[in-house]
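If you want the building blocks of each chain, they are given just below.
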Amino acid sequence: MRLVKRPLISTINNHLIDYPTPINIHYAWSFGFLSAMCLIIQIVTGIFLAMHYTPHVDLAFASVEHIMRDVNYGWLLRYIHANGASMFFIVVYLHIFRGLYFGSYTRPRHWVWVIGVLILLLMILTAFIGYVLPWGQMSLWGATVITNLVSAVPLVGNSIVTWLWGGFSVDNATLNRFFSLHYLLPFVIAAASLVHLAVLHQDGSGNPLGIDSNVDKISMFPYFIVKDFLGLVIFILFFSIFVYFAPNVLGHPDNYIEANPMVTPAHIVPEWYFLPFYAILRSIPHKLGGVIAMVAAIAILAFLPWLHSTEIRSSRFRPIYRFLYWTIVGCCLVLGWIGGMPVEEPYVLIGQVASAYYFLFFLIILPALGRLESSLLKFNT
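Residues numbered from 1 in each chain as written. Predicted model: local features only at pLDDT ≥ 70, side-chain atom pairs only at ≥ 80, totals over all residues. Heavy atoms only, no water.

Attention now moves to the overall build of the protein. The helix and strand tally for the protein stands at 15 helices and 2 strands. For 381 residues, the compact-globule estimate of 2.2 N^0.38 gives 21 Å, and the protein sits close to it at 22 Å. Overall, the C-alpha framework of the protein stretches about 70 × 55 × 40 Å when taken along its three principal axes. Contacts in the protein between residues far apart in sequence, at least 24 positions, make up 79% of those at least 6 positions apart. Carbon and sulfur atoms make up 72% of the accessible area of the protein, which totals about 19700 Å². In the protein, which carries 19 positive and 16 negative side-chain charges, the distance between the mean positions of the two groups comes to 13 Å. (Helix = DSSP H or I, 4+ residues; strand = E, 2+ residues; numbered from the N terminus. Rg over C-alpha atoms; globule rule 2.2 N^0.38 Å. Contact = heavy atoms within 4.5 Å. Areas by Shrake-Rupley, 256 points an atom, 1.4 Å probe, with all protein chains shown as cover. Lys, Arg positive; Asp, Glu negative; His and termini not counted. Charge placed at Lys NZ, Arg CZ, Asp CG, Glu CD.)

Below, the structure written as structure tokens:
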């Protein structure tokens, strides 16, 4: 019993074993656990890859090939890490869309949601600088294009870009600092994730009905731990298909060409998980306006608890919202498709319409619908 009373053991017991969990949550609530597993996989594989990687413009590409060809199971480490980034974003995006569907961003869990959006921003930054490290053509030119966006900041933009690069172009200093940051930021994400979990457990988990479930809870272990591990087994099977049978399908073939600052790729695109935000960036012909819109597309998610204007949380009791929810899912998929297309008609127009609807949904439709539902609820009671 003394062992159980120790601070660390007691914390694990309170948050993972005896933690009271709503009896009616289902497998959609497993994505948080899967996100944690993805983060652990990325940190562990990243540490081993860093042992053999050389952050120098003359050696980085060759060191990645050395990992693939000469290091024992280096190909496995590299493919798990590269595809693990995509799996991480798939799981996190599903986690976010689950929260949108069931109203998980509403009070009293609003700070849980805000911290989650902060984690998403850290993930995007970490993934971007990590994509530069293999030092292929898309790494170099993707870094050049994205970091150049900072030059849109009035007065000090060009100075900030030069400071980011550590020179006058994306070069060795840039690669070194990106490697250092890519090693550091996952641990920052891990710390933020622990805060995310602690704040969640302060008020308790939500549930599909969006109601107070304090009177009907059971311990997390063994019931929901078993449920989460079943989800983990299915996820590993899905992950393994990409690692063993299609390891490069989610990447860009140009990144197997060593970086050459004298040759620009015909079509520069970021990784697939950035494409919706990239489409919003390109939909506005003004550089600063595009940057503001791209940042706002992520930041707007943090304000959802205050844009939500009805006491009804779950979409199960909101038939109109349930329909509109699938329109915003479709809008995000369209934006992802447009982000990978060339900048020409009709893709430009489609991207502008989809971007406009994205902001319209969160800023106008969601609050207006909430007020309408609140009015109908008061009328019926």
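We now examine the UniProt feature "binding site: heme b b562" (unreviewed entry) in the protein. UniProt's feature table lists "binding site: heme b b562" (unreviewed entry) at His-81 and His-182, given in the numbering used throughout. Despite a sequence span of 102 residues, these residues sit close together in the fold, their greatest C-alpha distance being 12.7 Å. We classify His-81 as buried; its relative accessible area is 17%. Contacts of His-81, omitting those with residues within four sequence positions, involve Gln-42, Thr-45, Gly-46, Leu-49 and His-182. At a separation of 2.8 Å, a polar atom in the side chain of His-81 contacts the side chain of Thr-45. Assignment of secondary structure puts His-182 in helix H9 (residues 172-203). Here His-182 is in contact with His-81, Thr-126, Ile-129, Gly-130 and Leu-133, once residues within four sequence places are set aside. (UniProt positions renumbered as here; feature names shortened; annotations may be inferred. Buried < 20%, exposed > 50% of the residue type's maximum accessible area, 1.4 Å probe, protein only. Polar contact = N/O pair within 3.5 Å; in protein donor to acceptor, adjacent residues only side chain to side chain.)

Among the secondary structure elements, Ser-314 is positioned in the loop between helix H13 (304-307) and helix H14 (319-339). Taking the relative accessible area as the measure of exposure, Ser-314 reaches 1% and is therefore buried. Residue contacts for Ser-314: discarding those within four places in its chain leaves Tyr-101, Phe-102, Pro-208, Leu-209 and Gly-210.

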